Amino acid sequence: MLHILSARLLQQPKLTWKKFLQFRRLIGGTSSHTDMESLLKKELGCSMVKSFGSGGGGCISSGQSYETDTHGQVFVKMNSESGARLMFDGEKAGLEALMATNTVRVPKPYKVVDNGGGAVLIMEHLDMKGLGRHAAKLGELFAKMHLHNEELGKKEETESSRVGSGDQSYVSRFGFQIPTCCGYIPQDNTWQDDWVTFYTRQKLGQQIGLVEKKTGDREALELWSRLQRIIPDLFKGIDIKPAILHGDLWGGNASSVTDRPVIFDPATFYGHHEFDLGIAGMFGGFGSSFYSAYHSLIPKAPGFQKRSELYQLFHYLNHWNHFGSGYRGQSLSIMRSLVR
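Position labels on residues start from 1 in each chain and follow its written sequence. Residues qualify for local features only when their pLDDT is at least 70, as the model is predicted, and side-chain atom pairs are given and counted only at 80 or more; totals for whole chains, interfaces and linings, by contrast, use all residues. Side-chain metrics in this entry use all non-hydrogen atoms of the structure; hydrogen atoms and water are not considered.

This brings us to the overall build of the protein chain. Counting from the N terminus, the helices are the DSSP runs of H or I reaching at least four residues and the strands are the DSSP runs of E reaching at least two. A tally of regular secondary structure across the protein chain gives eleven helices and eleven strands. Between buried and exposed lies partly exposed: a residue is buried under 20% and exposed over 50% of the maximum accessible area for its type, with that area taken using a 1.4 Å probe on protein chains only. Here the protein chain, with 340 residues, has 52% of them falling under the buried criterion. For this analysis, residues touch if any pair of their heavy atoms sits within 4.5 Å. Contacts spanning at least 24 positions in sequence make up 67% of the contacts within the protein chain whose residues lie at least 6 apart. When the accessible surface of the protein chain is totalled, it reaches about 14,900 Å², and 49% of it is carbon and sulfur. Accessible surface area values rest on a Shrake-Rupley calculation with a 1.4 Å probe, where residue burial reflects the displayed protein chains alone.

Working convention: axes come from line fits to C-alpha atoms, limited for helices to the stretch in contact. Angles between N-to-C directions cover 0 to 180 degrees. It is the contact of helix 6 (residues 195-215) with helix 7 (residues 218-230), at a shortest axis distance of 10 Å, that shows an interaxial angle of 165 degrees. Accordingly, the angle class assigned to the pair helix 6 and helix 7 is roughly antiparallel. Note on packing geometry: the crossing formed by helix 6 with helix 7 is left-handed. Residues T200, L204, G205, I208, V211 and E212 of helix 6 touch helix 7, and the partners they reach there are A220, L221, W224 and Q228. Basically, the charged four are Asp, Glu, Lys and Arg, the nonpolar ten are Ala, Val, Leu, Ile, Met, Phe, Trp, Tyr, Cys and Pro, and anything else, Gly included, counts as polar. Split by residue class, the contact of helix 6 with helix 7 holds six nonpolar, three polar and one charged. Roughly parallel covers angles under 35 degrees, roughly antiparallel covers those over 145, roughly perpendicular covers 65 to 115, and oblique covers all other angles. Helix crossings are classified by the rotation of the near helix relative to the far one: an anticlockwise turn of less than a right angle makes the crossing left-handed, while a clockwise turn makes it right-handed.

A few words now on helix 4 (residues 84-99). If you check helix 4, its first and last C-alpha atoms are 22 Å apart, about what 16 residues at 1.5 Å a residue would give, namely 22 Å. Buried residues of helix 4: A84, M87, F88, G90, E91, K92, A93, G94, L95, A97 and L98, and no others. Here, expected helix span is obtained from the residue count minus one, scaled by 1.5 Å.

This part covers the pairing of strand 10 (residues 260-263). If DSSP finds at least two bridges between two strands, the strands pair. Both strand 9 (residues 254-257) and strand 10 contribute to a ladder of four bridges, which runs antiparallel. In the strand pairing of strand 10, A254 is matched with I263. Here strand 9 folds back onto strand 10 in antiparallel fashion, the turn holding two residues, of which T258 has a positive phi close to 45 degrees.

Here we come to the confidence of the model for the protein chain. Of the residues in the protein chain, 87% have a pLDDT of 70 or more, and the chain-wide mean is 90. This model gives residues 1-27 a pLDDT under 50, and the stretch forms 81 contacts once residues within four places in sequence are excluded. Confidence of the predictor in every single residue is expressed as pLDDT, which spans 0 to 100. Low pLDDT, under 50, characterises residues 161-165; the predicted model gives this stretch three contacts beyond four residues in sequence or across chains.

Moving on, we get to unusual backbone geometry. Even without being glycine, T258 reaches a positive phi, approximately 45 degrees. Mapping T258 onto the fold places it in the loop between strand 9 and strand 10. Its identity is not glycine, yet D265 carries a phi of approximately 50 degrees, on the positive side. Within the fold, D265 resides in the loop between strand 10 and strand 11 (269-271).

Below, the discussion takes up the side chain of Q202. Tracing the sequence through the fold places Q202 in helix 6. With relative accessibility at 6%, the residue Q202 sits in the buried group. Polar side-chain contacts of Q202 include one of 2.9 Å to the backbone oxygen of T190. Residues within four places of Q202 in sequence aside, it is in contact with D188, N189, T190, Q192 and T197. Within 3.5 Å is the distance limit for a polar contact, defined as a pair of N or O atoms, with the added protein rule that one can donate a hydrogen and the other accept it, and that residues adjacent in sequence qualify only through two side-chain atoms.

Moving on, we get to the packing of aromatic side chains. Side-chain rings of Phe, Tyr and Trp (the six-membered ring for Trp) are treated as a pair once their centres are within 6.5 Å; stacked means planes under 30 degrees apart, edge-to-face means over 60, and tilted covers the remaining angles. If you walk through the whole model with that rule in mind, you get 21 aromatic pairs. A ring pair is formed by W195 and Y199, whose centres lie 5.5 Å apart and whose planes are at 20 degrees; its orientation type is stacked. Here W195 and its partner Y199 are both found in helix 6, four residues apart, which amounts to about one turn of the helix. Of the two residues, W195 and Y199, neither departs from the other in class, the shared state being buried. Among the aromatic residues, those joined into a cluster by ring pairs are F174, W195, F198, Y199, F235, F269, F275, Y311 and F314. By definition here, charges over rings are those cases where NZ of Lys or CZ of Arg is within 6 Å of the ring centre and within 35 degrees of the ring normal. When the ring centre of F314 is taken as reference, the NZ or CZ atom of K203 above it lies at 4.4 Å.

Quick look at the structure:
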């Protein structure tokens, strides 16, 4: 259940294993089992805590599983950097929002706790295996997750007397209540009424701003100035309602437990449902059964393929900003394709 960006990072052709380990030491961090057991006893009210499994780490955080006498088996994600609290607060809120849809299973988050200069996220431990034969079920449940907010809106229209009764409420804007991180970069989730404005300024615009600050890449900035002008054209005739999104659903963030799929490591916000399918098609993606099941519930709208490229652009830019120029070519290629 780690934030598994390692596989994507190591796909970068110019990245050596030595540089990867240096990068991981820079942003990750671990605590000793004894220190963590003491912390868990205090925060969860346990009298018995015992680590199990070999633990591990992605390139963002490290993790370890523990047996407790109050919460059963828990998984603890650890990061020693100063931005860890913001990152884990966002992940916890995202998992809670996804869990509230009662569709795809996610690990239940328990608590975010400050730990030295960093933080830890305590969540349910799940004994996960490969997605395998559950790909079609994931596609079905993922579509239902995307439809959940729209269904709430319909329910409020027909049962207005129940609004405010404690049930979940329809979210009419794009964004999220707090920042969430895609990798270790905090996302600007300030609420917007218009999806095109939100995506252009707060998703792509933020990433381009980071590219400019880090590299000053003139070709990227020139292509971006042209692309901004045509983005609204890609959404003509499309009615976009806010959907709760995972935000980073590539193959490494989906698995299965017993008889059903599970997703984890979200970068959640409310946005266009197609956004989640952008990265789903990258880094190996999911099988045809996933897409068939998904689109049986949410058919492709006109212009889907071009918008898919636009949504993949965010993730290639995000990888460029995380891992360097190995993702420059793919980012520029998409922008050239879109402005033709």
